[in-house]
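# Structural overview for review
Single-letter residue listing:
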Amino acid sequence: MNLHLGCGDIYLEGFINIDIKGFGVKQSGLELDRNKTTLDKYFKYSFGTPRRPVMVDSQMNLTKPWYEKYQDVDQIVMISCLEHFSKQEGAFIVSEVKRVLRPGGKFLVSVPDVRAQIEMYHDSDPEWCMELLYCNGKDVHSFHKWGYTEESFKKLWGKNYTIEKVSIIKHAYPMLQFEVTKLKSLTS
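What you see is a predicted model; the values in this text were computed from it and never measured.

Right, let's get into the overall build of the protein chain. Tallying secondary structure elements over the protein chain gives five helices and 11 strands in all. Classification of the 188 residues of the protein chain by burial places 42% in the buried group. Here the contacts in the protein chain between residues at least 6 apart in sequence split such that 69% fall between residues at least 24 apart. Here the protein chain has roughly 10,200 Å² of accessible surface; of this, 53% comes from carbon and sulfur atoms.

Structure below.
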């Protein structure tokens, strides 16, 4: 089983696509092909293209205990989403990822690289820098509530996980991207 958390308007094939809002794929009758993609073509539309309808397989509030059907998960993808939650909510989401991932399972995640964004844009384009840091505020979900550094992200995991910086997808601005793997033999 593979989960795509906070999918927004990107529907990953081979994943259960989850967001707090959106149209149920089976009930919507909307054309899904515009949203459907694969991880290697995650952002198939150029940055700034108008958004498409949010299509989900399941609506779920990630800050509440996750549905019991999500157990023994092979892979979880969360792109440009974790920063939309407070520090405490992010820690809860990570605890749920830890709980549902099977040993050997992977969590692929990207979060804004706050340090790099500030260094890159604070003098040249302060407005763009502020939007990268805080998001665009287009709706109640379009705000960044917390930021991560490589060190603060790694602190969330403990010793039963390996964390590697990787390149999952191409972004239009600086991001930290990690592959977190749950060890097969857990130590206490």
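After that view of the structure, there is still more to cover.
For the rest of this paragraph, the subject is the pairing of strand β3 (residues 16-19). When strand β1 (residues 2-5) meets β3, the two strands line up parallel, connected through three bridges. Each residue of the ladder has a partner; that of L5, found in β3, is I18. In this structure, β3 lies alongside strand β7 (residues 58-59), joined through two bridges in parallel fashion. Directly across from D19, in β7, lies its bridge partner Q59.

Inspection of every chain in the model, using the stated rule, returns eight aromatic pairs. Judged by centre distance (5.0 Å) and plane angle (85 degrees), the ring pair of Y42 and F43 falls under edge-to-face. Overall, the relative accessible area of 39% leaves F43 in the partly exposed class. Judged by centre distance (5.9 Å) and plane angle (50 degrees), the rings of F153 and W157 are tilted. Of the two residues examined, F153 and W157, each falls in the buried class.

Mapped onto the secondary structure, D9 falls in the loop between β1 and β2 (11-12). In this structure D9 comes out as buried when scored by relative accessible area, which is 5%. Distance from D9 to G22, taken between C-alpha atoms, is 8.5 Å for residues 13 residues apart in sequence. Those residues within four positions of D9 in sequence are excluded, and the remaining contacts are N35, R51, R52, P53 and V54.

We now examine unusual backbone geometry. Notably, S80 is not glycine yet its phi reads approximately 50 degrees, a positive angle. Within the fold, S80 resides in the loop between β8 (73-79) and α2 (87-100). Despite not being glycine, C135 shows a phi value in the positive range, around 80 degrees. By the element assignment, C135 lies in the loop between α4 (126-134) and α5 (150-155).

Rules of the game
- Residues numbered from 1 in each chain as written.
- Predicted model: local features only at pLDDT ≥ 70, side-chain atom pairs only at ≥ 80, totals over all residues.
- Heavy atoms only, no water.
- Helix = DSSP H or I, 4+ residues; strand = E, 2+ residues; numbered from the N terminus.
- Buried < 20%, exposed > 50% of the residue type's maximum accessible area, 1.4 Å probe, protein only.
- Contact = heavy atoms within 4.5 Å.
- Areas by Shrake-Rupley, 256 points an atom, 1.4 Å probe, with all protein chains shown as cover.
- Pairing = 2+ DSSP bridges.
- Phe/Tyr/Trp six-rings, centres within 6.5 Å; stacked < 30°, edge-to-face > 60°.

What is shown is where atoms sit, not what they do.
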